[in-house]
Amino acid sequence: MFKNILLCILLANVFVYANDGFISTKEGIYVPSLDGVSKVFIGTPVKTLKVEGDATEIVITGYSDPEKKELLFSNNSKRIVIAQSPYIQSEGEKGTLKVAINSSFIVKEKKNVWKKSEDLYYEKCTQCHAANEPDGHTMAEWEGLLASMEQFAQPNANEKEMLLHFLKSNAKDALEK
């Protein structure tokens, strides 16, 4: 009986610390260190390695570029940056970054990350027509569509950046669905 309880506790800890989450701050997260600053962008999927108090050690996995060694991309098209750091470890085209952040910057549900951006998208993009689902196009298609509709939707610079990041992060060829 005691072994069964101990096994359940161990398995529960594995599931608690292995769950995926997403970075949820609009500006992303800046993680200072002695050798520089790492930045993890909004919507980036993370894997929890360890939790100690309010700090969570995470790992981010993506695609690296030998010409842009400090950038980690969402997929091999390299259209959206998910992290920027001098600490990215590359092996071939894959890369990883391990950092410790405040646990409050991680949410479990991707929809909770994008609420404000999604509201802006539907506000701007339903003035003249029904909006397409964000996962209905690739990142490249969204870049072109947003550019062609910009004159009608008239987003300011911050809104345009927010919309493009939201659409590319939720595109059908994005890292996570």
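Quick caveat, the model's predicted, so the values are computed rather than measured.

K.L.:
Got a sec to walk through helix 4 (residues 139-153)? Specific residues and values, please.
P.N.:
Ala147 marks the point of greatest bend in helix 4, at about 35°. For helix 4, the complete set of buried residues consists of Met139, Trp142, Leu146 and Ala153. As for helix 4, its buried residues are in contact with helix 3 (115-125) and helix 5 (157-169). Looking one or two residues beyond helix 4, the residue adopting positive phi is Gln154, at roughly 55°.

K.L.:
Hey, could you go over helix 3 for me, with residue numbers and the actual values?
P.N.:
Within helix 3, the full set of buried residues consists of Ser117, Leu120, Tyr121, Lys124 and Cys125. Seen end-on, helix 3 carries its buried residues on one side only, within an arc spanning 105°. Considering only its buried residues, helix 3 is in contact with helix 4 and helix 5.

K.L.:
Describe in detail unusual backbone geometry, supporting the description with residues and values.
P.N.:
Although it is not a glycine, Lys78 adopts a positive phi angle of roughly 55°. Assignment of secondary structure puts Lys78 in the loop between strand 6 (68-73) and strand 7 (81-84). Of the residues examined, Lys78 reaches a relative accessible area of 26% and is grouped as partly exposed.

K.L.:
How would you explain the pairing of strand 4 (residues 45-52) if you had to name every residue and give the values?
P.N.:
Note that strand 1 (residues 20-23) and strand 4 share three bridges and pair antiparallel. Counted as the bridge partner of Asp20 is Lys47 from strand 4. Summarising the sheet, strand 4 and strand 5 (residues 55-65) pair through five bridges and their orientation is antiparallel. Paired with Glu52 across the strands is Ala55, a residue of strand 5. Where strand 4 folds back on strand 5, the antiparallel hairpin that results is connected by two residues, among which Gly53 adopts a positive phi of roughly 65°.

K.L.:
How would you explain the packing of aromatic side chains if you had to name every residue and give the values?
P.N.:
One pair of aromatic rings is described through two measures. These are the centre distance and the angle between the planes. On inspection of all chains with the given rule, the structure shows four aromatic pairs. Considering the side-chain rings of Tyr121 and Tyr122, the 4.9 Å spacing of their centres and the 65° angle between planes classify their relative orientation as edge-to-face. Every member of this aromatic cluster is reached through a ring pair, and the members are Trp114, Tyr121, Tyr122, Trp142 and Phe166.

K.L.:
Outline the packing of helix 4 against helix 5, listing residues and values.
P.N.:
Where helix 4 meets helix 5, the closest approach of the two axes is 9 Å, and the angle between their N-to-C directions is 150°. Considered as vectors, helix 4 and helix 5 are oriented roughly antiparallel to each other. Note on packing geometry: the crossing formed by helix 4 with helix 5 is right-handed. Along the contact surface, helix 4 presents Met139, Trp142, Glu143, Leu146 and Glu150, while helix 5 presents Lys160, Leu163, Leu164, Leu167 and Lys168. Across the contact of helix 4 with helix 5, the residue classes break down as six nonpolar, no polar and four charged.

K.L.:
I'd like a rundown of the pattern of salt bridges, residues and numbers included.
P.N.:
Under the defined criterion, the tally for this structure stands at eight salt bridges. Of the charged contacts in the structure, one is a salt bridge between Glu143 and Arg79, with a shortest N-O distance of 2.7 Å. You can see Glu143 sitting in helix 4 and its partner Arg79 sitting in the loop between strand 6 and strand 7, a full 64 residues away along the chain. By relative accessible area, which is 28% here, Glu143 ends up partly exposed. We classify Arg79 as partly exposed; its relative accessible area is 35%. Note that Glu143 and Lys168 form a salt bridge whose closest N and O atoms lie 3.0 Å from each other. Of the two residues, Glu143 sits in helix 4 while Lys168 sits in helix 5, which places them 25 residues apart along the sequence. A residue is classified by how much of its surface remains accessible, and Lys168, at 9% relative accessible area, is buried. Taken together, the salt bridges that share partners define one network made up of Lys50, Glu52 and Glu57.

Definitions and cut-offs
Residues numbered from 1 in each chain as written. Predicted model: local features only at pLDDT ≥ 70, side-chain atom pairs only at ≥ 80, totals over all residues. Heavy atoms only, no water. Bend = angle between axes of the 7 residues up to and from the residue. Helix = DSSP H or I, 4+ residues; strand = E, 2+ residues; numbered from the N terminus. Buried < 20%, exposed > 50% of the residue type's maximum accessible area, 1.4 Å probe, protein only. Contact = heavy atoms within 4.5 Å. Arc of directions from axis to C-beta. Pairing = 2+ DSSP bridges. Phe/Tyr/Trp six-rings, centres within 6.5 Å; stacked < 30°, edge-to-face > 60°. Axes fitted to C-alpha atoms, helices over the stretch in contact; angles between N-to-C directions. Parallel < 35°, antiparallel > 145°, perpendicular 65-115°, else oblique. Left-handed = near helix turned anticlockwise from the far one by under 90°. Nonpolar A, V, L, I, M, F, W, Y, C, P; charged D, E, K, R; others polar. Salt bridge = Lys/Arg side-chain N within 4 Å of Asp/Glu carboxyl O.

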